[in-house]
Amino acid sequence: MGEWDLRRLRVLRAVDECGTVTAAAERLHLSPSAVSQQISALARQVGAPMLEPYGRRVRLTPAARLVLRHAAVVFGQLERAEAELAGYLHGEAGEVRVGAFATAITGLLVPAVARLREAAPRLTVRVVEAEADEAVRLLAAGDVDLALSLAVGPVGLGPGFVETALLSDPLDVALPPGHPLAGTPGLRLADLAAEPWIYGAAGPWREITAAACAQAGFTPERAHTAADWTAILAMVAAGLGVALVPRLASAGRGGAAVVRALPADLPTRRVVAAVRSGTERTPPLRRVLAELTAVAELTAVAKTLQSD
C-alpha cells in the first residue's frame with residue numbers, strides 16, 4: 001500500500017469529527033476540494049471508500065474506521081513524543097548518566113538531584129560511583145555523560161573535554177586526639193612535616209596531597225596507604241598518622257580525629273564537572289550542570305561562614 005501520509009489521516013479524522021467536508025476544511029484551513037482530494041487519495045491507497053453519505057452529512061465507512069482506529073494510536077504516540085521532545089529541549093526531560101567520586105556524590109550530586117526531582121521530575125539522573133580519574137575514563141568511553149572529577153595542575157583534564165569549575169574544596173588537616181599540635185593557634189602545614197602521613201597510593205588525591213605539602217616546603221612521608229575517608233579518619237583517630245582531608249569529606253564525620261583548618265596555607269582541591277566536547281549544549285546536561293553549579297555556590301558560601 002506504500003507509506004502512510006499523516007496529512008491524509010489528519011484530514012480523515014477532521015471529517016469524522018466535523019461531520020462534513022466543508023466543516024473539516026474550515027478547521028484545517030483548507031478548501032473543500034483539497035479535503036476531498038486528500039480523502040480520495042487515501043481511498044485509492046487503501047483500496048476502499050473512506051466516506052459514505054449520511055443524510056446531509058457524511059460518515060466514515062467501516063474500512064475508514066479501521067484505519068482511523070490505528071491512526072489514533074499513531075497520533076497519540078506522536079503527541080507524547082512532541083511533549084517529551086519539548087521537555088528535552090527545555091532541559092526538563094531525558095536521562096543524564098553521571099560518574100562521580102564518593103564525596104562529590106554526597107556533597108554536590110545528591111543535593112542537585114533532589115532539586116531536580118522537584119523542578120524537573122521527568123529528568124532522570126543515573127549515578128555511577130567512581131574514583132575521580134576513573135570517572136573521566138568512563139566519560140571518555142561514553143559510559144557516562146558527565147563526570148565529577150578533580151583538576152590536578154593547570155592543564156585540566158585535557159582535550160576532548162569541556163570543564164566547568166564547581167568548587168574549591170578546602171583541605172583541612174586531621175590530627176589524632178591529644179596530638180601536641182591539635183590546639184595550636186595558627187597551625188601551619190609545615191608544622192607537620194615530620195609527621196607520618198596517610199593518603200592514597202595513586203590518582204589525583206595522591207598528587208593533591210603531595211602538591212599541597214610541596215607548596216609548604218616538604219615531602220610527606222607516607223606511613224599508611226588508604227583512599228576511603230572513613231578509614232583514613234579512623235586511622236588518624238587511632239594515632240597512626242595525620243592526613244589532609246577535604247572539607248566535603250570531613251563534614252559531620254570527623255569522629256575522634258581532630259580536624260583543623262589551615263587558613264594560613266589555604267590548600268584546596270578543585271572539583272570540576274566535565275562533559276565530552278560537542279555535548280555541552282545538550283539541554284539535559286546543561287540543566288544538570290546548572291543545578292550542580294547552584295549547589296556548589298551554596299556549599300562555598302556555607303564553607304566561608306564555617307571558616308569565619
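Scroll up for the structure.
Residues numbered from 1 in each chain as written. Predicted model: local features only at pLDDT ≥ 70, side-chain atom pairs only at ≥ 80, totals over all residues. Heavy atoms only, no water.

Caption draft 1: Structural view of the environment of P121. Positionally, P121 belongs in the loop between α5 (102-119) and β4 (122-129). Considered as a pair, P121 and A93 are 28 residues apart in the sequence and their alpha carbons are 7.6 Å apart. (Helix = DSSP H or I, 4+ residues; strand = E, 2+ residues; numbered from the N terminus.)

Caption draft 2: The nonpolar core, seen in detail. Ranked by internal contacts, the top residues of the largest apolar core, which has 59 residues, are L146, L148, W197, L244 and L292. Here the element with the most residues in this core is α5; it accounts for 7 residues. Residues contacting L148, with those up to four places away along its chain left out, are V98, G99, A100, F101, A104, L109, A135, L166, V272, A273 and L292. By size, the runner-up hydrophobic cluster in this structure holds 19 residues, among which are V11, C18, A43 and L60. (Core = buried A, V, L, I, M, F, W, Y, C linked by side-chain atoms within 4.5 Å. Buried < 20%, exposed > 50% of the residue type's maximum accessible area, 1.4 Å probe, protein only. Contact = heavy atoms within 4.5 Å.)

Caption draft 3: Just the environment of L240, in detail. Here L240 shows up in the loop between α8 (229-237) and β9 (243-246). The exposure class assigned to L240 is partly exposed, which follows from its relative accessible area of 36%. Sequence spacing of L240 and V259 is 19 residues, and the spatial spacing of their C-alpha atoms is 15 Å. Filtering out sequence-adjacent residues up to four positions away, L240 remains in contact with P196, I198, H224 and M235.

Caption draft 4: Up close: the pattern of salt bridges. Evaluation of the coordinates by the stated rule reveals 14 salt bridges. As a salt-bridge pair, R59 and E52 come within 3.0 Å of each other at their nearest N and O atoms. By relative accessible area, which is 37% here, R59 ends up partly exposed. Residue E52 is classed as partly exposed on the basis of its relative accessible area of 28%. With a shortest N-O distance of 2.8 Å, D145 and R97 are connected by a salt bridge. Placement of the pair is D145 in the loop between α6 (132-141) and β5 (146-151) and R97 in strand β3 (residues 93-100), with a sequence separation of 48 residues. Under the relative-accessibility criterion, D145 is labelled buried at 15%. (Salt bridge = Lys/Arg side-chain N within 4 Å of Asp/Glu carboxyl O.)

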